[in-house]
Amino acid sequence: AFYIDSNSDVVWATSTDNGGTWPTTGQTVAAGIYLGVAAWYDSWTPGDTTGNFIHLAFFESVGDTIEYSRFATTYNTATTAVDASGAKEGTLSETNDIAITKGTDGDLYVGTVDASAPNAGANFVEKCTGSCTSASNWVAAGTTNPWDGSSSDFLGEPALVLLPLSGGTIMLVSNDV
């Protein structure tokens, strides 16, 4: 399990009895003041039968950054978090939702949407095509905000899901309640 603990750190914990019991504290992935976390396991990507990484995206309001870390299930270790937010398009807050996915071509995508202002600057999708543990490899995925700022964007509180499709295509689902 990956979650934000009472200290606002991103942590992980493992159950050794199929979820019957859990440790009272988790192992730290990143210490800070984090507001949201998302995870994607390699094997969730169609056709990826050999991957053993869990890809993590999490964000904090300090510095308005989305960070990325890769967790190796073989060794139960996480890489040092790197800034995956590229140009830092806006201000992140507790109303942002976050998602991460791995394409069938191996590229990673992270995205965020601000449920209270879906056409504001803190709504973007970033892409990594190389070594994603290097901040310089995270760039904007596309040139426009996926939320067009129409009046229908404000009818609910959008949530974000990123899903891999064949050929390396990614589907962005904006669940506008």
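Let us look at the structure shown here. Note that the structure is a prediction, hence the values are computed from the model and not measured.

A few points about a nonpolar patch on the surface
Thinking step 1. A cluster of nonpolar side chains, namely Val161, Leu163, Leu165 and Met171, defines an oily patch on the protein surface of about 270 Å² accessible area.
Thinking step 2. Along the polypeptide, methionine 171 turns up in strand 14 (residues 170-176).

Digging into the sheet that holds strand 2 (residues 10-12)
The pairing of strands in a sheet happens through backbone hydrogen bonds and is either parallel or antiparallel.
Thinking step 1. The sheet built from three strands is open, its strands ordered 1-2-3 with antiparallel pairing. With one partner strand each, in any of the chains shown, strand 1 (2-4) and strand 3 (27-30) form the two edges of the open sheet. Strand-to-strand, the axes of this sheet are offset by a mean angle of 40°, without reference to chain direction.

Some details on unusual backbone geometry
Thinking step 1. A positive phi angle, close to 70°, is found at serine 8, a residue other than glycine.
Thinking step 2. One can find serine 8 in the loop between strand 1 and strand 2.
Thinking step 3. The phi torsion at asparagine 76 lies on the positive side, around 55°, for a residue other than glycine.
Thinking step 4. Positionally, asparagine 76 belongs in the loop between strand 6 (65-72) and strand 7 (77-78).

Notes on the state of the cysteines
Disulfides are covalent bonds that link the sulfur atoms of two cysteine residues.
Thinking step 1. One pass over the full model with this rule turns up one disulfide.
Thinking step 2. The disulfide bridge from cysteine 128 ends at cysteine 132, spanning 2.3 Å between sulfur atoms. Between cysteine 128 and cysteine 132, the S-S torsion sits near -110°, and that sign places the bridge as left-handed.
Thinking step 3. Note on cysteine 128: relative accessible area 1%, which makes it buried.
Thinking step 4. What makes cysteine 132 buried here is its relative accessible area of 9%.

Brief notes about the pattern of salt bridges
If charged atoms from side chains of opposite charge come close, those side chains can pair.
Thinking step 1. Scanning the model with the defined rule gives three salt bridges in all.
Thinking step 2. Aspartate 48 is paired through a salt bridge with lysine 102; the nearest N and O atoms lie 2.7 Å apart. Taken together, the positions of aspartate 48 in the loop between strand 4 (34-41) and strand 5 (53-60) and lysine 102 in strand 9 (residues 96-102) put the pair 54 residues apart, joining distant regions of the chain.
Thinking step 3. Close ionic contact of aspartate 107 with lysine 127 constitutes a salt bridge, the shortest N to O distance being 3.6 Å. Placement of the pair is aspartate 107 in the loop between strand 9 and strand 10 (108-114) and lysine 127 in strand 11 (residues 124-128), with a sequence separation of 20 residues.
Thinking step 4. The class for aspartate 107 is buried, based on a relative accessible area of 11%.
Thinking step 5. Accessibility expressed as a relative area gives 24% for lysine 127, which makes it partly exposed.
Thinking step 6. One salt-bridge network, in which partners are shared between bridges, spans Asp42, Asp48 and Lys102.

Topic: the pairing of strand 5
Note on strand geometry: in a regular strand, side chains alternate between the two faces of the sheet.
Thinking step 1. Burial within strand 5 is extensive, with seven of its eight residues counted as buried.
Thinking step 2. As defined by bridge partners, strand 5 adjoins strand 6 across eight bridges and the pair is classed as antiparallel. Within the sheet, the bridge partner assigned to phenylalanine 53 lies in strand 6 and is alanine 72.

Cut-offs and rules
Residues numbered from 1 in each chain as written. Predicted model: local features only at pLDDT ≥ 70, side-chain atom pairs only at ≥ 80, totals over all residues. Heavy atoms only, no water. Patch = residues over 30% accessible without salt bridge, like charges linked within 9 Å, V, L, I, M, F, W, Y side chains within 5 Å. Areas by Shrake-Rupley, 256 points an atom, 1.4 Å probe, with all protein chains shown as cover. Salt bridge = Lys/Arg side-chain N within 4 Å of Asp/Glu carboxyl O. Helix = DSSP H or I, 4+ residues; strand = E, 2+ residues; numbered from the N terminus. Pairing = 2+ DSSP bridges. Axes fitted to C-alpha atoms, helices over the stretch in contact; angles between N-to-C directions. Disulfide = S-S within 2.5 Å. Buried < 20%, exposed > 50% of the residue type's maximum accessible area, 1.4 Å probe, protein only.

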